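These are the residues of each chain, in order.
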Amino acid sequence: MDKNIDLVLEGGGVRGIGLVGAISELEKDGYSVRRVAGTSAGAIVGSLAAAGCSAPKMVKIMQSLNYRKFRDETWLSRFGAPGKLASFLIENGLYKGDYLQKWIADELEACGIKTFGDLRLHSSEYGLLPKNQAYRLTIITADLSRGELVYLPWDYHKYGLNPDEQSIAVAVRTSMSIPFFYKPARLGGSTLVDGGMLSNFPINSFDEPDEAQPDWPTFGIKLAAKENANLVPRKITGPMSLISALLDTAINGHDQRHLNNPDTLARTMFVDVEDIRSINFDITNTQQERLLQNGQEAARKFLNTWNFADYKKKFKNS
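Being a predicted model, the structure only gives us computed values, none of them experimental.

1. Describing empty space enclosed by the protein
Applying the stated criterion to the full structure yields one cavity of 30 Å³ or more. Looking at the largest cavity, its volume works out to about 80 Å³. Residue lining of the largest cavity: Gly 13, Val 14, Gly 16, Ala 41, Ile 44, Met 62, Leu 65, Tyr 67, Phe 70, Trp 103, Met 176 and Phe 281, and that is the complete set. The residue inventory of the lining of the largest cavity, partitioned by class, reads 10 nonpolar, two polar and no charged.

See the structure below:
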């Protein structure tokens, strides 16, 4: 159990290959991922990791992916600028997200995984977990209708659904529903979007408040060069800058509270994503390779100083 870990992955669109780079170093160092939680791109990479996909295979999958196909236009958005505006107003998104969902479904099926029931935990090591949380994978999304963060498959019962029967690919697509970019997802009458709108780095997903000494740590992988990367001063000069600041605060404010915690910093890897934007679906092979290498470098730097015994002594009550 010395090398068991739970893993939390930040969202970040095409920059998710940086997550794969970090995971490849963890795997090389002998770590075994028991549970993984992720938002958006973190949900994509996390689903592959939970399905048992090796790091070298994940690298090949991500490098062979044609990211441009992620921009699968709605029937309205095909009619130039007027059609895109109509799609924006009627469909609430420019792109369908169908290609993304089919792609991850095919990759997971190649690993023998389709539904959350395929990733249910049965080990006695997780005997204290609530039954609805006994899964290898947790995908985070945001329910706009309920106004809350949703953890799938944990929260399917709120929608009257059997979690074991639910498609992982659909859940990933739901977590990737970038507002106005992709059409929102629907679940039991609710409208759901990218979980990053409420928590892009849900580092506390597996934390147990009453657990003084965890059997193994939870590592976080964040797509930022340093812990205060999102703390950029914003000058409010008018309505547009106000809206932009409101969105940035909504997305980053919740997670920044965790990053101000020394406990979180001690177990988080920070991957430098340089100036690559999350929705840059024209990303070049060179940029992908840099992200992969940056992820590997971040993990190596982290592992060079990580010591679980020291961590527990410093942050957990004995």
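2. Some points on the pairing of strand β4 (residues 137–143)
In terms of residue burial, β4 counts as a mostly covered element, since seven of its seven residues are buried. Of the two faces of β4, both are covered, the one formed by Leu 137, Ile 139, Thr 141 and Asp 143 as well as the one formed by Thr 138, Ile 140 and Ala 142. Strand direction decides the pairing type here: β4 and strand β5 (residues 148–152), joined by five bridges, are antiparallel. Residue Asp 143 lies in a different strand from β5, and its bridge partner there is Glu 148. For β4 and strand β8 (residues 190–194), the ladder comprises three bridges, and the chain directions are antiparallel. Note on β8: the bridge partner recorded for Ala 142 is Val 193.

3. Here we look at the environment of Ser 167
The residue Ser 167 is located in the loop between β5 and α6 (168–175) in this model. Note: C-alpha distance between Ser 167 and Pro 153 (14 residues apart in sequence) is 9.7 Å. Other than its neighbours up to four places away in sequence, Ser 167 contacts Lys 114, Thr 115, Phe 116 and Tyr 156. Here the side chain of Ser 167 touches Val 170 through a polar contact of 3.2 Å, landing on its backbone nitrogen.

4. Digging into the side chain of Ser 24
With respect to the secondary-structure elements, Ser 24 resides in helix α1 (residues 17–28). When its relative accessible area of 13% is taken as the criterion, Ser 24 is described as buried. Looking at Ser 24, its side chain comes within polar contact range of the main-chain oxygen of Gly 21, at 2.5 Å. Setting aside residues no more than four positions away along its own chain, Ser 24 makes contact with Ala 55 and Gln 296.

5. Side note on the pairing of strand β2 (residues 32–39)
In the case of a regular strand, side chains alternate between the two sheet surfaces. Burial runs high along β2: seven of the eight residues are buried. In this structure, strand β1 (residues 4–9) lies alongside β2, joined through six bridges in parallel fashion. Its bridge partner lying in β2, Asn 4 is registered against Ser 32. Since β1 and β2 lie parallel, the crossover through α1 that links them has a hand, and here it is right-handed. Pairing analysis gives four bridges linking β2 to β4, with the strands arranged parallel. Its bridge partner lying in β4, Thr 39 is registered against Ile 140.

Conventions and cut-offs
- Residues numbered from 1 in each chain as written.
- Predicted model: local features only at pLDDT ≥ 70, side-chain atom pairs only at ≥ 80, totals over all residues.
- Heavy atoms only, no water.
- 1 Å grid on protein atoms, 1.4 Å probe; cavity = no way out; pocket = protein on both sides within 12 Å on 5 of 7 lines; lining within 4 Å.
- Points joined across faces, edges and corners; volume = space filled by probe spheres on them.
- Nonpolar A, V, L, I, M, F, W, Y, C, P; charged D, E, K, R; others polar.
- Buried < 20%, exposed > 50% of the residue type's maximum accessible area, 1.4 Å probe, protein only.
- Helix = DSSP H or I, 4+ residues; strand = E, 2+ residues; numbered from the N terminus.
- Pairing = 2+ DSSP bridges.
- Contact = heavy atoms within 4.5 Å.
- Polar contact = N/O pair within 3.5 Å; in protein donor to acceptor, adjacent residues only side chain to side chain.
- Right-handed = clockwise from strand over helix to strand, strands pointing away.

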